[in-house]
Protein chains: 2
Amino acid sequence: MLHVVGVGICEGHITERAAKIIGAAEIVFGSKKAIELASKYISGEVVEMKKFCGEVYREIEKISSKKNVVVLSTGDPMVAGLGSKIDGVVESGISSVQLALAKLREDLCNCVVVDAHSRDASGDFDLIEKRNLLILADRNFDPKVFGSRKVAIIENICGKERFKICLAEEAEVKSDYAIVYVWK
Amino acid sequence: MLHVVGVGICEGHITERAAKIIGAAEIVFGSKKAIELASKYISGEVVEMKKFCGEVYREIEKISSKKNVVVLSTGDPMVAGLGSKIDGVVESGISSVQLALAKLREDLCNCVVVDAHSRDASGDFDLIEKRNLLILADRNFDPKVFGSRKVAIIENICGKERFKICLAEEAEVKSDYAIVYVWK
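Residues numbered from 1 in each chain as written. Chains lettered and ligands numbered in written order. Predicted model: local features only at pLDDT ≥ 70, side-chain atom pairs only at ≥ 80, totals over all residues. Heavy atoms only, no water.

Asks: Sorry, what's going on with the pairing of strand S8 (residues 150–155) of chain B here?
Replies: Two faces, one strand: in a regular strand the side chains alternate between the faces of the sheet. Residues and elements named next belong to chain B. In terms of burial, S8 is largely enclosed, as 5 of its 6 residues are buried. Hairpin connection between S8 and strand S9 (residues 162–167): a loop of 6 residues separates the two successive antiparallel strands, and Asn156 in this loop has a positive phi of roughly 50°. Two strands pair when backbone bridges link them, and S8 and strand S10 (residues 178–182) are joined in this way by 5 bridges, in the antiparallel orientation. What sits directly across from Glu155, in S10, is Ala178. (Buried < 20%, exposed > 50% of the residue type's maximum accessible area, 1.4 Å probe, protein only. Helix = DSSP H or I, 4+ residues; strand = E, 2+ residues; numbered from the N terminus. Pairing = 2+ DSSP bridges.)

Here it is, written out as structure tokens:
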């Protein structure tokens, strides 16, 4: 059995359902951060993942044919997460997208979520003509492309959070875990 | 103090953080379903909401100037929810959007979420040229507008769930709590 379980972003984000699934696992895989967030619910063996690639995922799937395995995913497994990459049953968690929308009090149905984390997402930028954009970004992302539009920059949610609203042409991303929200 | 707290869709979706906030409230407002989902965490007075309009929201805000108030929101308050309508601090919850994506193993960054629940959303349908659409729908919504595209219909998640993948021209929505996922 293989579950991919979202553990949220901050301490206390794990749901009751997720806690039960984690507690029942014989082996729990996850990044250092994901293991920290879930630690109090884990009773099985813990394996810290250091590589995130197809070879590792296939190996985990193989192990799950004999053992009850959980793969932890920070945030939600279906938001630029492991849910579409590993062949398991997905249990939802709270994502950084949700935390940003809660902070800004903006509804998901008014925006488009764009993954610009370690990838070129410029093909999606013209969606700004139709909707606000919520961009998952790292420090290589340059918000200035959106000119005089209003943006919010939210960095290191639940850590040393930085929050700023300004014009895109004045904005800068300083962290590798940033959300840039652009109003159309 | 006023918190708007997401309680998820199914039993067990409430996070540890949300449970604490609900437990500390002197008055808890919510729909019948939201109160049921949160009931084991509530220790204050419970008020079932039967009307969802500005007048009610302003009254709740007024009460919160004197009492510690929680308004429960099924799913996530920022997904076609109360978070943008009531002036409070939002605590995220698991939404039906996340459950649908988990079931389909589709990433949020590949789709656009459209609210067609009790409203005409046809202005958003041309986004199908750019991305898959995840449509929050009721029985008045007709998927046939998407012709020969592949769709998934998910109804009554965590209830008497109905799940079907077919062509849009053969699809039908039978419930008022449905998600229609359209592949571009």
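Asks: For this particular structure, what's the right way to read the nonpolar core?
Replies: Generally speaking, soluble globular proteins have nonpolar side chains that are buried together. Ranked by internal contacts, the top residues of the largest apolar core, which has 70 residues, are A:Leu108, A:Leu134, B:Leu108 and B:Leu134. Apart from residues lying up to four places away in sequence, B:Leu108 is in contact with A:Met78, A:Val79, A:Val97, A:Leu108, A:Val113, B:Val97, B:Leu101, B:Val113 and B:Arg131. Counting 42 residues, the second-largest nonpolar core is a separate cluster that includes A:Leu133, A:Ile153, B:Ala121 and B:Phe125. (Core = buried A, V, L, I, M, F, W, Y, C linked by side-chain atoms within 4.5 Å. Contact = heavy atoms within 4.5 Å.)

Asks: It is not clear to me how the relation of the copies chain B and chain A should be interpreted in this structure. Could you clarify?
Replies: These two copies of the chain differ by a rotation about an axis and a displacement along the same axis. When chain B is fitted to chain A, the residual RMSD is 0.0 Å, and the transformation amounts to a turn of 180° plus an axial shift of 0.0 Å. The symmetry that links the two subunits is that of a two-fold axis. Within chain B, B:Thr15 has its C-alpha nearest the rotation axis, a separation of 2.0 Å. (Least-squares fit on C-alpha atoms with pLDDT ≥ 70 in both.)

Asks: Is there a simple way to think about the sheet that holds strand S10 (residues 178–182) of chain A in this case?
Replies: Two pairing modes exist for strands in a sheet, parallel and antiparallel, and in both the strands are linked by backbone hydrogen bonds. Residues and elements named next belong to chain A. What the 5 strands build is an open sheet, ordered S6-S7-S10-S8-S9; its pairing is mixed. Among the strands making up the open sheet, the edge pair consists of strand S6 (111–116) and strand S9 (162–167). Neighbouring strand axes in the sheet, compared pairwise and without regard to direction, differ in orientation by 15° on average. (Axes fitted to C-alpha atoms, helices over the stretch in contact; angles between N-to-C directions.)

Asks: Would you mind going over the pairing of S10(A) with me for this structure?
Replies: All names here are of chain A. Counting buried positions along S10 yields 5 of 5 residues, so the element is predominantly enclosed. Taking every second residue as pointing to the same face, both faces of S10 are buried, with Ala178, Val180 and Val182 on one and Ile179 and Tyr181 on the other. As paired elements, strand S7 (residues 132–137) and S10 share 5 bridges and run antiparallel to each other. From the neighbouring strand, Ile135 faces S10, where its bridge partner is Val180.

Asks: Just checking my understanding: could you explain the side chain of A:Ser73 for this structure?
Replies: All names here are of chain A. Here Ser73 lies in strand S4 (residues 69–73). Of the residues examined, Ser73 reaches a relative accessible area of 4% and is grouped as buried. If near-sequence neighbours (up to four positions away) are discounted, Ser73 is found in contact with Val4, Val5, Gly6, Val7, Gly8, Gly81 and Leu82.

Asks: Whenever I open this one, helix H3 (residues 54–63) of chain A confuses me. Can you help?
Replies: Residue and element names in this part refer to chain A. Residues of H3 that are buried: Tyr57, Ile60 and Glu61. Taken around the axis of H3, the buried residues stretch over an arc of 100°, which confines them to a single face. Across H3 from its buried face, at more than 90 degrees, point the exposed residues Glu55 and Lys62. (Arc of directions from axis to C-beta.)

Asks: How should the interface of chain B and chain A be read in this particular structure?
Replies: Note: interface size is frequently given as the accessible area lost on complex formation between the parts. Each side of the interface is counted separately: chain B has 48 residues, and chain A has 47 residues. Buried surface at the junction of chain B and chain A, both sides included, amounts to about 3,600 Å², of which 51% is carbon and sulfur. On the chain B side of the contact with chain A, B:Glu16, B:Met78 and B:Arg105 bury the most area, a combined 19% of that side's loss. Where B:Asp124 meets A:Arg131, a salt bridge forms, and the shortest distance between an N and an O atom there is 3.1 Å. At the boundary of chain B and chain A, one finds 35 residue pairs in polar contact (both at pLDDT 80 or more). Breaking the side of chain B that touches chain A down by element, the ones donating at least two residues are helix H1 (16–23), strand S5 (89–91), helix H4 (96–104) and strand S6 (111–116) of chain B. Top element by residues in the side of chain B that touches chain A is H4(B). It accounts for 5 residues. Its residues placed into classes, the side of chain B that touches chain A shows 21 nonpolar, 11 polar and 16 charged. (Buried area = accessible area lost by both parts, 1.4 Å probe. Salt bridge = Lys/Arg side-chain N within 4 Å of Asp/Glu carboxyl O. Polar contact = N/O pair within 3.5 Å; in protein donor to acceptor, adjacent residues only side chain to side chain. Nonpolar A, V, L, I, M, F, W, Y, C, P; charged D, E, K, R; others polar.)

Asks: Honestly, H1(B) in this entry has me stumped. Any pointers?
Replies: Helical geometry: 3.6 residues make up each α-helical turn, so side chains three or four residues apart lie on a common side. Residues and elements named next belong to chain B. Looking at H1, one finds that the buried residues are Ala18, Ala19, Ile21 and Ile22. In an axial view of H1, the angular spread of the buried residues amounts to 165°, which keeps them on one side of the axis. Check the buried side of H1 and you find it contacts strand S1 (2–6), strand S2 (27–30), helix H2 (32–38), strand S4 (69–73) and S5.

Asks: For this particular structure, what's the right way to read the state of the cysteines?
Replies: Each disulfide consists of a covalent bond between the sulfur atoms of two cysteine residues. Enumeration over the complete set of coordinates arrives at 2 disulfides over all chains. The side chain of A:Cys10 participates in a disulfide bridge whose partner is A:Cys158; the two sulfur atoms lie 1.4 Å from each other. For the disulfide bridge between A:Cys10 and A:Cys158, the dihedral angle about the S-S bond is near 80°, and by the sign convention the bridge is right-handed. Taken as a pair, A:Cys10 in the loop between strand S1 (2–6) and helix H1 (16–24) and A:Cys158 in the loop between strand S8 (150–155) and S9 lie far apart in primary sequence, 148 residues in all. As a non-bridged cysteine, B:Cys109 has B:Cys111 as the owner of its nearest cysteine sulfur, 8.4 Å distant. With a relative accessible area of 10%, B:Cys109 lands in the buried category. (Disulfide = S-S within 2.5 Å.)

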